[in-house]
4 protein chains.
Amino acid sequence: MSETSHGVTRDNRDIARLLIACPDRPGIVASVSRFLFEQGANIIHSDQHSTDPAGGRFFMRIEFHLPGLLQNGSALESAFSRVARGFEMEWSLSYADRLKRMAIFVSRADHCLYELLWQRKSGDLLADIALVISNHEDLREPVESSGIAFHHIPVTPETKYEAEERQLALMEEKGIDLVVLARYMQILSERVISRYPNRIINIHHSFLPAFVGSNPYARAHERGVKLIGATAHYVTEELDAGPIIEQDVQRVDHRDTVEDMKRIGRQIERVVLARAVSWHIEDRILVDGNKTVVFA
Amino acid sequence: MSETSHGVTRDNRDIARLLIACPDRPGIVASVSRFLFEQGANIIHSDQHSTDPAGGRFFMRIEFHLPGLLQNGSALESAFSRVARGFEMEWSLSYADRLKRMAIFVSRADHCLYELLWQRKSGDLLADIALVISNHEDLREPVESSGIAFHHIPVTPETKYEAEERQLALMEEKGIDLVVLARYMQILSERVISRYPNRIINIHHSFLPAFVGSNPYARAHERGVKLIGATAHYVTEELDAGPIIEQDVQRVDHRDTVEDMKRIGRQIERVVLARAVSWHIEDRILVDGNKTVVFA
Amino acid sequence: MSETSHGVTRDNRDIARLLIACPDRPGIVASVSRFLFEQGANIIHSDQHSTDPAGGRFFMRIEFHLPGLLQNGSALESAFSRVARGFEMEWSLSYADRLKRMAIFVSRADHCLYELLWQRKSGDLLADIALVISNHEDLREPVESSGIAFHHIPVTPETKYEAEERQLALMEEKGIDLVVLARYMQILSERVISRYPNRIINIHHSFLPAFVGSNPYARAHERGVKLIGATAHYVTEELDAGPIIEQDVQRVDHRDTVEDMKRIGRQIERVVLARAVSWHIEDRILVDGNKTVVFA
Amino acid sequence: MSETSHGVTRDNRDIARLLIACPDRPGIVASVSRFLFEQGANIIHSDQHSTDPAGGRFFMRIEFHLPGLLQNGSALESAFSRVARGFEMEWSLSYADRLKRMAIFVSRADHCLYELLWQRKSGDLLADIALVISNHEDLREPVESSGIAFHHIPVTPETKYEAEERQLALMEEKGIDLVVLARYMQILSERVISRYPNRIINIHHSFLPAFVGSNPYARAHERGVKLIGATAHYVTEELDAGPIIEQDVQRVDHRDTVEDMKRIGRQIERVVLARAVSWHIEDRILVDGNKTVVFA
């Protein structure tokens, strides 16, 4: 029930994270910090960003400790809503001990799934993996042996609508907060995407915006690049064009075949995806138009 | 007179940076941000860090814009000193348009010197390089042709005391804020170091704490390491043991000779040193015992 | 039975790798390549290195394809031994389709073990993990469920001799080629080390030679370094002082606690160890005194 | 006159580098190494690469020492041409002590130019910078004070043809081997490009193939990427589409403005360009269709 990270051992029960986005203007930090002080909260971490102090947009993340938080959470929220209104804030408060509920979508590739399963088991990923949905049967065994429900939902052009209905129903039922496409080789329709705005994370196996679409390693090989990469991003309607959360690259050279690139790429993909998922789980990401502010 | 960095174009004349270190306890951010709000300041950037919200040490850097700052600076400082007293703060306020005055010490190697000269010329390093001191004549030409005073002060075991007297007198006269040892191959005595606490930056050509002392590349080659590095740190009395500001590394392999490592290392040294100097110049570094908090 | 890597799809049955180390002098490459040509071999990869063409040591790795290799391997070897004698070569020939037999030693930490198990399963690590030995029971389940024998051999100061006898007997029985210490928290005695010269790979959780010995992350935190690392090396009698195979680092900052460093470090450790093991498995490493030549 | 790099101190006068590209088939290495052995040459470095041992293309770089090389170079070349003919080789022999003659094209940005000037001065870049051509006057001073001829050749749509005639005449006159576009903001016409095939190196300020064309940093900022990069490539008729020689990236985040990206990018650009130029100068690059084989 306790976590040690970025300098603090703490009991998660009394910890919350406040995310704020609003037009920038003087007095925001003073008001928010005064509010928290008066509530008896102790700030553990605070990060802020302004796109422009004169007329830009202001983003803030505060992680605080407040004894008795769970009992008094709703009172706190309604009190804060008065502060928020004055600054036209979009805001959310999340409780560190309420694990986010995650659905993972996979196809046949196992490396991203394994990484998430392993990080959850080791405690590095503090989330509740509520279910895994796949259009193939291949990965049932490792999922079920981890005690997680596995749903095989095949997808064909003809059955896509019904398949998505089943996916949505399952996610609804489980109260899913976050969807992770861990090398899921199907494109989600707008209907699914709009149900989870900025809550579907995809891993694309290229350094976006290079090599949007399919077969990025083959195209990277063809182009003769000297670094290959992977990109985790929120899914929007336009393919591979949503807000980028994290990217990383690895060096390749003339000796590397497409197969070598896929092998090297697997290591990048799983690390980049796991980082992005962790940041989302820990409420470190705010979306600013088609970009992200990541308080890592 | 204006600078564009990290999101903001601004007139430096009305910009200041407040650095704070104090015991952590609730209410610090609320008090400081309220104070600045009441003064009419607009926060541009704010970073904070606590080693432990319960009984640890709290560090904060606030960059703010305040119209009329220069005329009212001392009133602001005396008003803030009352806030500071209540929290037992160590603090300092620096004005963005008052360039820090820098002395560079060199011997014969030119790469770190050139990097600083070039970054100053390009505007990437906003400092006033007031003088260069060297125990050799070699680098007089590039320094003087940049319009900077060059002082050749030879150092031998017999003349070390007098040499340091001359160095100190020159630096006193020029009102030096920061001393940069840009591959200066002499050890400063305690007398010099204590005059500039946490204001002398050295670049050591290894990934500290590996290879403290002389000939680190030869020793790295001998040990067969696969990465070599450089470390910028504040100078303290114990050799190569002061607070580390920045480090970086580069890959080497079995084909690289000691000479190759020196060549590769030169690239790391100059980048690491320039980064550390920039951070100091922009008041981004706070010292916490023998460590640094860097709000980069 | 076929592998695609570094540009070539091939049937492993007819592939061999020749490793050579000898005093450098003119004619070595001409003789070796002529020999292989006359045997009908087709060179797939060839790498070489000389510490000094005048009086230094010469290292070579040749991967070649030779139809009918398996039937004629011993004839080839005895023919080559005549070439080798003339140049005072130390050499070895290994067959790509004969998987090396590996023993993994673990204690309680699972991340390095999981990485090796996963890479073996995915086909990225072409080795036969013949057994896992641990001084604790904790990791029995994942090992056995992968179909690998798990041996719990507790070690105390009193039982160390007998424990090592059991370890050696098990490894003897299985014909182990390579021992991997995947965060095994015991020091092997000289008796074990000398039985597997340059065939025991350890992962040390620091950027050697910094932080030799125990608790490197705590000491890295204490020193305030800005990068932490991991080192894979062959085990020799002197602790953490054997030939370095691979190293890597990751950035940390003032916010990272010792626990954060351990978490970040786990990612480096498993990647660095897996890379070193792969290189050994693929006969890419030659030892040169206390250093390695890695034809990666 | 002597150089120490990758393990060897040597007198450059007796050192040559042989580059070979031909259809792969058995016997190439045996023939070439036998030829060199019979000539009395001692191989210092040898690298090779095959795109496919069965029907692919074979690339080789051999650096060798041969006493009396300069006097006997042409005899050596005509002797080797007989070996080469049998294997349909494209090949070239270059002499380490004959510095390549380089033309640098610049506009107003100085960082890439300064890097090349500094590396030449420090001896890290062993080339003869024969002239600098610019469409602006801005950089005359640093060039001329380095003792290098500076030619201001303005370019407008109307004068482009004449300007290129002058550029070509100057390069002809100086016997230029290599043209380096060090942030030259004009597009060369096909006429110039075809005169220096695979001998014009450009630095593009993005991680190609992302952000081909103008204003890549602004577009990277707009897209919200988390890494920015630079690419050195040979110039071909299609814009930013020639064989990539080297790429590198640096991390950015939401706080970085377009101006910050330009500043960070300058550091990547100069390093990547200098690396590519060094490799070309040292005959380490072979072109394979639209890709490069770099024996770094």
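Since the structure is predicted, the reported quantities are computational estimates derived from the model, not experimental observations.

What counts and what doesn't
Residues numbered from 1 in each chain as written. Chains lettered and ligands numbered in written order. Predicted model: local features only at pLDDT ≥ 70, side-chain atom pairs only at ≥ 80, totals over all residues. Heavy atoms only, no water. Helix = DSSP H or I, 4+ residues; strand = E, 2+ residues; numbered from the N terminus. Rg over C-alpha atoms; globule rule 2.2 N^0.38 Å. Buried < 20%, exposed > 50% of the residue type's maximum accessible area, 1.4 Å probe, protein only. Contact = heavy atoms within 4.5 Å. Buried area = accessible area lost by both parts, 1.4 Å probe. Salt bridge = Lys/Arg side-chain N within 4 Å of Asp/Glu carboxyl O. Polar contact = N/O pair within 3.5 Å; in protein donor to acceptor, adjacent residues only side chain to side chain. Phe/Tyr/Trp six-rings, centres within 6.5 Å; stacked < 30°, edge-to-face > 60°. Lys NZ or Arg CZ within 6 Å of the ring centre and 35° of its normal. Domains from an automatic or database assignment. Nonpolar A, V, L, I, M, F, W, Y, C, P; charged D, E, K, R; others polar. Pairing = 2+ DSSP bridges. Axes fitted to C-alpha atoms, helices over the stretch in contact; angles between N-to-C directions. Patch = residues over 30% accessible without salt bridge, like charges linked within 9 Å, V, L, I, M, F, W, Y side chains within 5 Å. Areas by Shrake-Rupley, 256 points an atom, 1.4 Å probe, with all protein chains shown as cover. Right-handed = clockwise from strand over helix to strand, strands pointing away. Least-squares fit on C-alpha atoms with pLDDT ≥ 70 in both. 1 Å grid on protein atoms, 1.4 Å probe; cavity = no way out; pocket = protein on both sides within 12 Å on 5 of 7 lines; lining within 4 Å. Points joined across faces, edges and corners; volume = space filled by probe spheres on them. Arc of directions from axis to C-beta.

Attention shifts here to the overall build of chain A. When you go through chain A residue by residue, the secondary structure sums to eight helices and 15 strands. Taking 2.2 N^0.38 as the reference for a compact globule, 296 residues should give roughly 19 Å; the C-alpha atoms of chain A span a radius of gyration of 21 Å, in line with that estimate. Dimensions along the principal axes, computed over C-alpha positions, put chain A at roughly 60 × 40 × 40 Å. A burial count over chain A gives 60% of its 296 residues as buried.

Many authors give the size of an interface as the accessible area that is lost as the parts come together. Counting residues at the interface gives 32 residues for chain D, matched by 32 residues for chain A. Between chain D and chain A lies a buried interface of about 2600 Å² when both sides are counted; carbon and sulfur atoms form 56% of it. Between Glu246(A) and Arg251(D) there is a salt bridge, with its nearest N and O atoms 3.0 Å apart. For the pair chain D and chain A, the interface holds 20 residue pairs in polar contact (both at pLDDT 80 or more).

Turning next to the side chain of Arg17(C). All names here are of chain C. With respect to the secondary-structure elements, Arg-17 resides in strand β3 (residues 15–23). Reaching out from Arg-17, the side chain makes a polar contact with the backbone oxygen of Ile-281 at a distance of 3.5 Å. If we skip the residues at most four places from it in the chain, Arg-17 touches Arg-61, Ile-62, Glu-63, Ser-92, Leu-93, Ser-94, Ala-96, Ile-281, Glu-282 and Asp-283.

Further remarks concern the packing of aromatic side chains. Scanning the model with the defined rule gives 14 aromatic pairs over all chains in all. An angle of 75° between the planes, with centres 5.0 Å apart, marks the rings of Phe80(D) and Trp91(D) as edge-to-face. One end of the pair, Phe80(D), is in helix α2 (residues 69–86); the other, Trp91(D), is in strand β6 (residues 90–95), and eleven residues separate them in sequence. A residue is classified by how much of its surface remains accessible, and Trp91(D), at 26% relative accessible area, is partly exposed. Every member of this aromatic cluster is reached through a ring pair, and the members are Phe35(A), Phe80(A) and Trp91(A). Note that Arg191(B) overlies the ring of Tyr161(B), its terminal NZ or CZ placed 3.9 Å from the centroid.

Residue and element names in this part refer to chain A. Each domain of chain A was delimited in the assignment, giving domain 1 (2–95) and domain 2 (101–294). Using C-alpha coordinates to define each centre, domain 1 is positioned 30 Å away from domain 2. Taken together, the contact pairs 13 residues of domain 1 with ten residues of domain 2. Its largest share of buried area at the contact with domain 2, domain 1 owes to Leu-19, Phe-59 and Arg-61, together 47% of the area lost on that side. One can count one salt bridge joining domain 1 with domain 2. A salt bridge links Asp-283 to Arg-17; the shortest N-O distance between them is 3.0 Å. Mapped onto the side of domain 1 that touches domain 2, the elements with two or more residues apiece are β3 (15–23) and β5 (57–65). For the side of domain 1 that touches domain 2, the per-class residue count stands at five nonpolar, four polar and four charged.

Residues and elements named next belong to chain B. Across the sheet, seven strands lie side by side as β9-β8-β7-β10-β11-β12-β13; this open sheet has mixed pairing. One side of each edge strand has no neighbouring strand; the edge strands of this open sheet are β9 (149–152) and β13 (244–251). In this sheet, adjacent strand axes meet at a mean angle of 20° when their direction is disregarded. Pairing of strand β8 (residues 127–134) with β9 involves four bridges; the strand directions are parallel. Residue pairing in the sheet places Leu-131 in a bridge with Ala-149 of β9.

Moving on to a nonpolar patch on the surface. All names here are of chain A. Together, Ile-187, Val-212 and Leu-239 give the surface a local cluster of nonpolar side chains, amounting to about 250 Å² of exposed area. Locating Val-212 in the fold gives a position in the loop between β11 (200–204) and α7 (216–223). Val-212 gets classed as partly exposed once you look at its relative accessible area, which sits at 34%.

Residue and element names in this part refer to chain B. Within β8, seven of the eight residues are buried, which leaves the element mostly enclosed by the surrounding structure. Here strand β7 (residues 100–106) pairs with β8 via seven bridges, running parallel. Paired with Ile-104 across the two strands is Val-132, which belongs to β8. Following the chain from β7 across helix α3 (residues 111–122) to the adjacent parallel β8, one finds a crossover that is right-handed.

Attention shifts here to the relation of the copies chain D and chain A. Superposing chain D onto chain A takes a rotation of 180° combined with a translation of 0.0 Å along the rotation axis, leaving an RMSD of 0.0 Å. Overall, the copies show the geometry of a two-fold rotation axis. Ranked by how close their C-alpha atoms come to the rotation axis, the residues of chain D are headed by Ala210(D), at 2.3 Å.

All names here are of chain B. Taken as a whole, the second largest pocket holds about 1000 Å³ of empty space. Together, 45 residues line the second largest pocket, and Arg-183, Met-185, His-205, Tyr-217 and Glu-269 are the ones closest to its centre. Ranked by residues supplied to the lining of the second largest pocket, first place goes to helix α8 (residues 258–281) with seven residues. Of the residues belonging to the lining of the second largest pocket, the class tally is 15 nonpolar, 15 polar and 15 charged.

Residues Pro216(B), Tyr217(B), Ala220(B) and Arg223(B) constitute the buried set of helix α7 (residues 216–223) of chain B. The buried residues of α7(B) occupy one face: seen down the axis, they fall within an arc of 125°. Elements in contact with the buried residues of α7(B): β11 (200–204), β12 (227–234) and α8 of chain B together with β13 (244–251) of chain C. One or two steps after α7(B), the chain reaches Gly224(B), where phi turns positive at roughly 75°.

Residue and element names in this part refer to chain D. In terms of burial, strand β3 (residues 15–23) is largely enclosed, as eight of its nine residues are buried. In this sheet, strand β5 (residues 57–65) lies alongside β3 in antiparallel orientation, the contact comprising nine bridges. Bridged to Ala-21 within β5 is Phe-59. Note that β3 and β6 share six bridges and pair antiparallel. If you follow Leu-19 over to β6, its bridge partner there is Ser-92.

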